[in-house]
Amino acid sequence: MKQSNLFLICFLFISTLLSCSETESGPKVIAHRGYWKTEGSAQNSIRSLELANEINAFGSEFDVHLTSDDVLIVFHDKKIDSLHLQKTPYAELKDIALKNGEKIPTLEQYLDRAKSLKNSKLIFELKSHDDPARELEAAKRSVEMINEKGLTKQTEYIAFSLEAAKELHRLSPETPVYYLNGDLSPKELKELGFTGLDYSYNVMSKNPNWFKEAKDLGLKINVWTVNKPERMKEMIEAGADFITTDEPELLQQVIREYHK
Ligand code: MG
């Protein structure tokens, strides 16, 4: 083999090792409501999911409500103007435009796009529903649709409602479920069978011992919504497994710098 070829092979091998160590050094980046803080995007839009995939975010988070006529839709707030999403039929919501001009996506439309985007996990937040029975119905329909679309392995569930989190875990025991509400200790979450805690920066900075407790119990830790570099560094240092952020490219850069 020519010396120049050998040199090239060594170079490629070393670059591959370096690039792997960059992507595999934690924590992993989750784009909060997709990657929306950029041209042509909007929170919870299909475009924000595409963009999270384009930048190779580990996960793209989104929010799901069940309308009064059983349509799962992707949107954050409970209300749009005077319309309460969970008490309104889909026909009255379907033409409302997001900030980038897209219409509010149904979960089905969103997942149909997700099927060909394999870079980012679907971090599926089932929103709390005012009516507990509707919340259980939303959990059932969500899991059914994820399974039907063949996206079970690409999905992780998160919820503020303990009942919703329990139901998602019951219906899809192999799928990771994280609890968001910040009021249960790692030990309590372990007993419920959850994968880990997905708590706010404020909760985690007030309970620094939860990092070690969670690790000792084999639970994963996700912290939200961390947008400032100092806080990103603090959470990397503390040992977060995942960080959820509105600034996914900035976080990727901070993580790369940290591991240099
Ligand atoms: Mg959310």
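Structure first, text after, so check above.
What counts, and at which threshold
Residue positions within a chain follow its written sequence, with the count starting from 1. Selection of residues for local features in this predicted model requires a pLDDT of at least 70, selection of side-chain atom pairs for listing and counting requires 80 or more, and totals for whole chains, interfaces and linings are taken over all residues. Note that the side-chain values use all heavy atoms of the structure and ignore hydrogens as well as water. Strands are runs of DSSP state E lasting at least two residues, helices are runs of H or I lasting at least four, and both sets are numbered from the N terminus onward. In this setup the radius of gyration rests on C-alpha atoms only. A globule is expected at 2.2 Å times the number of residues raised to 0.38. Exposure classes here rest on a 1.4 Å probe applied to the protein chains alone. A residue is buried below 20% of its type maximum, exposed above 50%, and partly exposed in between. Contacts are assigned to residue pairs with any non-hydrogen atoms lying within 4.5 Å of each other. Every accessible area reported is derived by Shrake-Rupley at a probe size of 1.4 Å, with residue values counting cover from the shown protein chains alone. Summarising the geometry, the arc corresponds to the directions from the helix axis toward the C-beta atoms. Polar contacts, as used here, are pairs of N or O atoms within 3.5 Å; protein pairs need one atom able to donate a hydrogen and one able to accept it. Residues neighboring in sequence count only if both atoms are side-chain atoms. Each metal site lists N, O and S donors within 2.8 Å (3.2 Å for Na, K and Ca). With water left out of the atoms, a site can look as if it is missing ligands. In this analysis, rings of Phe, Tyr and Trp, with Trp reduced to its six-membered ring, are considered paired at centre separations within 6.5 Å, and the interplanar angle assigns stacked below 30 degrees, edge-to-face beyond 60, and tilted for intermediate values.

In terms of regular secondary structure, the protein is built from 10 helices and 11 strands. Relative to the globule expectation of 18 Å for 260 residues, the C-alpha radius of gyration of the protein, 20 Å, shows essentially globular dimensions. Counting only C-alpha atoms, the protein reaches 70 × 40 × 35 Å along its principal axes. A buried classification covers 47% of the 260 residues belonging to the protein. Counted over contacts in the protein with a minimum sequence separation of 6, partners at least 24 positions apart contribute 53%. With the model as given, the accessible surface of the protein reaches about 13,000 Å², and the carbon-plus-sulfur share is 53%.

The subject of this paragraph is helix 5 (residues 162–171). Every buried residue of helix 5 is accounted for by Ala164, Ala165, Glu167 and Leu168. All buried residues of helix 5 fall inside an arc of 165 degrees around its axis, so they share one side. Measuring from the side-chain oxygen of the N-cap residue of helix 5 to the backbone nitrogen of Glu163 gives 3.3 Å; that N-cap residue is Ser161.

The subject of this paragraph is the coordination of the magnesium ion. Protein coordination at the magnesium ion: the donors are Glu61 (OE), Asp63 (OD) and Glu125 (OE), at 2.0 to 2.1 Å from the metal. Motif for the magnesium ion, donor spacing along one chain: E-x1-D-x61-E. Within this pair, whereas Asp63 is found in strand 2 (residues 59–66), its partner Glu125 is found in strand 6 (residues 121–126), the two being separated by 62 residues in sequence. Taking relative accessible area as the criterion, Glu125 reaches 5% and is therefore assigned buried.

Here the focus is the packing of aromatic side chains. Taken as a whole, this structure holds 9 aromatic pairs when the rule is applied. Between Tyr179 and Tyr199 the ring centres are 6.4 Å apart and the planes differ by 70 degrees, which places this aromatic pair in the edge-to-face class. One end of the pair, Tyr179, is in strand 8 (residues 177–179); the other, Tyr199, is in strand 9 (residues 196–200), with 20 residues separating them in the sequence. Considered together, Tyr179 and Tyr199 belong to a single accessibility category, that of buried residues. Chaining the aromatic ring pairs together yields one cluster made of Phe62, Tyr110, Phe124 and Tyr157.

We now examine the environment of Val143. For Val143, the location among the structural elements is in helix 4 (residues 132–148). Separated by 117 residues in the primary sequence, Val143 and Lys260 have C-alpha atoms spaced 40 Å apart. The residues touching Val143, leaving out its near neighbours within four places in the chain, are Tyr157, Leu168, Leu171 and Ser172.

Everything listed is a geometric property; what it means functionally is a separate question.
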